[in-house]
Amino acid sequence: MSELNLVLLGPPGSGKGTQGERLQEDFRLPYYATGDILRAAVRDESELGKAAKEYMDRGDLVPDEVIIGVITERLDEPEAADGFILDGFPRTIPQAEALDSELEKLGRALTAAILVQVTDEEIVRRLGGRRTCAKNGHVFHVQFDPPKEPGVCDIDGSRLLVRDDDQPDVIRHRLEEYREKTEPLIDYYDSKGLLRRVDGSASPDEVGDRIRALLATLRIEEDIDV
Ligand code: AP5
């Protein structure tokens, strides 16, 4: 079977992380979520975390030069030899171009960029109710995916918190950043024939089924060399 090199695209709160975790389990591929990587760096107070924190708190994108190397250096690791799932990267045209040139250097190419689409109303509902575990970043939702015990992570027992950037004014700004800097990637990948759209408004299981069906179709097309 050939490599499966995927990018998950979509606005904040569209469910990229939720689906990325499922894809990781299904395909046993490394899952690189730049938001998770940056939040861990902020927690660890590393140089990367220090460089990123103030941008993240405001809901701004961190500068391209801070984030590009964080991802491109991972693509040449043995664990990513059969493929990878990128969530939250690329988020700007320069990031997409850097990804393309790194893959080209490695003699590889993207399989697809999957755009998870949801309405702004749904985004506000999802981010407003999201709860994230303080220790390992496990994600819940007070209504759509509640933990067994309110405020406590089912997986590691740590406290569930509202992410700093899930405050209403920061959510609004993240959406503006998305529209201005990330939405142009839709045309970028469409023009390369790589864009696949998925309606993300259904339940996580249904959205997961849609993505699996889409990937199965891609595999069939690849086998018959469409
Ligand atoms: P990041 O963490 O990537 O934030 P984001 O893209 O805004 O995405 P989210 O994590 O908010 O949402 P998601 O789509 O993963 O949704 P989730 O599955 O959690 O980035 C944070 C910050 O880091 C950025 O603002 C920026 O500063 C910086 N950054 C990161 N990457 C960068 C880059 N490449 N360049 C520059 N800066 C970068 O779901 C949301 C909620 O909805 C959850 O509670 C979940 O349980 C629930 N939910 C999910 N799916 C469903 C469903 N189908 N039905 C009902 N509820 C659902």
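Starting from 1, residues in each chain are numbered consecutively following that chain's sequence as written. With pLDDT at 70 or above as the cut-off, local features in this predicted model cover only qualifying residues; side-chain atom pairs require 80 or more to be listed or tallied, and sums for whole chains, interfaces and linings still use all residues. Note: side-chain values were computed over all heavy atoms of the structure, leaving out hydrogens and water.

A. How the structure looks around the overall build of the chain. A count of helices and strands for the chain gives nine helices and eight strands. Judged by the C-alpha coordinates and their principal axes, the chain covers about 50 × 40 × 35 Å. Burial analysis of the chain (226 residues in total) assigns 46% to the buried set. Here the contacts in the chain between residues at least 6 apart in sequence split such that 68% fall between residues at least 24 apart. Of the roughly 11,800 Å² of accessible surface on the chain, a fraction of 49% belongs to carbon and sulfur atoms. Elements are defined by DSSP. Helices are runs of H or I of four residues or more, strands are runs of E of two residues or more, and each kind is numbered from the N terminus. Burial classes follow relative accessibility: with a 1.4 Å probe on protein chains only, a residue under 20% of its type's maximum area counts as buried, one over 50% as exposed, and anything between as partly exposed. Note on definitions: a residue-residue contact is assigned when non-hydrogen atoms from the two residues lie within 4.5 Å. A 1.4 Å probe and the Shrake-Rupley method give the accessible areas. Residues count as covered only by the protein chains that appear here.

B. Spatial organisation of the pairing of strand E1 (residues 4-9). For E1, the tally of buried residues reaches six of six residues, placing the bulk of the element in the interior. By the alternation rule, side chains of E1 split into Leu-4, Leu-6 and Leu-8 and Asn-5, Val-7 and Leu-9, which are all buried. By the bridge criterion, four bridges tie E1 to strand E4 (residues 112-117) in an arrangement that is parallel. When the sheet's bridge partners are listed, Val-7 is paired in E4 with Ala-113. At least two bridges found by DSSP between two strands is the condition for calling them paired.

C. Here's a closer look at the pattern of salt bridges. Put simply, a salt bridge is a Lys or Arg side-chain nitrogen that is within 4 Å of an Asp or Glu carboxyl oxygen. The full count for this structure, using the stated rule, is 22 salt bridges. Put simply, Lys-105 and Glu-102 hold a salt bridge, and the shortest N to O gap is 3.2 Å. Separated by three residues within a single helix, Lys-105 and Glu-102 lie in helix H5 (residues 93-105), roughly one turn from each other. Across the pair Asp-120 and Arg-179 runs a salt bridge whose closest N-O atoms are separated by 2.4 Å. Note that Asp-120 is positioned in helix H6 (residues 120-129) and Arg-179 in helix H7 (residues 168-182), a separation of 59 residues in sequence. Here the residues in one salt-bridge network are Arg-130, Arg-163, Asp-165, Asp-166 and Arg-174, joined through shared partners.

D. Main features of the packing of helix H2 (residues 34-44) against helix H4 (residues 64-75). In this analysis an axis means a line fitted to C-alpha atoms, helices contributing only their contacting stretch, and an angle means the value between N-to-C directions, from 0 to 180 degrees. For the pair H2 and H4, the least separation of the axes is 11 Å and the interaxial angle reads 115 degrees. On the basis of the axis angle, H2 is roughly perpendicular to H4. Where H2 crosses over H4, the two elements pack in a sense that is right-handed. Judged by residue contacts, Thr-34, Ile-37 and Leu-38 of H2 engage Ile-67, Val-70, Ile-71 and Arg-74 from H4. Of the residues assigned to the contact of H2 with H4, the class counts are five nonpolar, one polar and one charged. Any angle that is under 35 degrees is reported as roughly parallel, and any over 145 degrees as roughly antiparallel; angles of 65 to 115 degrees are reported as roughly perpendicular and all others as oblique. For any pair of crossing helices, the crossing counts as left-handed if the nearer helix is rotated counterclockwise from the farther one by less than a right angle, and right-handed if it is rotated clockwise. Classes in brief: Ala, Val, Leu, Ile, Met, Phe, Trp, Tyr, Cys and Pro nonpolar; Asp, Glu, Lys and Arg charged; the others, Gly included, polar.

E. Broad picture of the packing of aromatic side chains. In this analysis, rings of Phe, Tyr and Trp, with Trp reduced to its six-membered ring, are considered paired at centre separations within 6.5 Å, and the interplanar angle assigns stacked below 30 degrees, edge-to-face beyond 60, and tilted for intermediate values. Going through the model one piece at a time under the given rule, you end up with one aromatic pair. Between Tyr-188 and Tyr-189 the ring centres are 5.1 Å apart and the planes differ by 90 degrees, which places this aromatic pair in the edge-to-face class. Residue Tyr-188 shares its accessibility class with Tyr-189, and that shared class is buried.

F. Spatial organisation of the sheet that holds strand E2 (residues 31-33). Read across the sheet, five strands follow the order E2-E3-E1-E4-E8 without closing on themselves; strand pairing throughout is parallel. Strand pairing shows two members of the sheet lacking a second neighbour, E2 and strand E8 (195-199), which therefore form its edges. Strand-to-strand, the axes of this sheet are offset by a mean angle of 20 degrees, without reference to chain direction. Along the sheet face, helix H1 (residues 16-27) touches E1, E2 and strand E3 (83-87) and points at about 165 degrees away from the line of E1.

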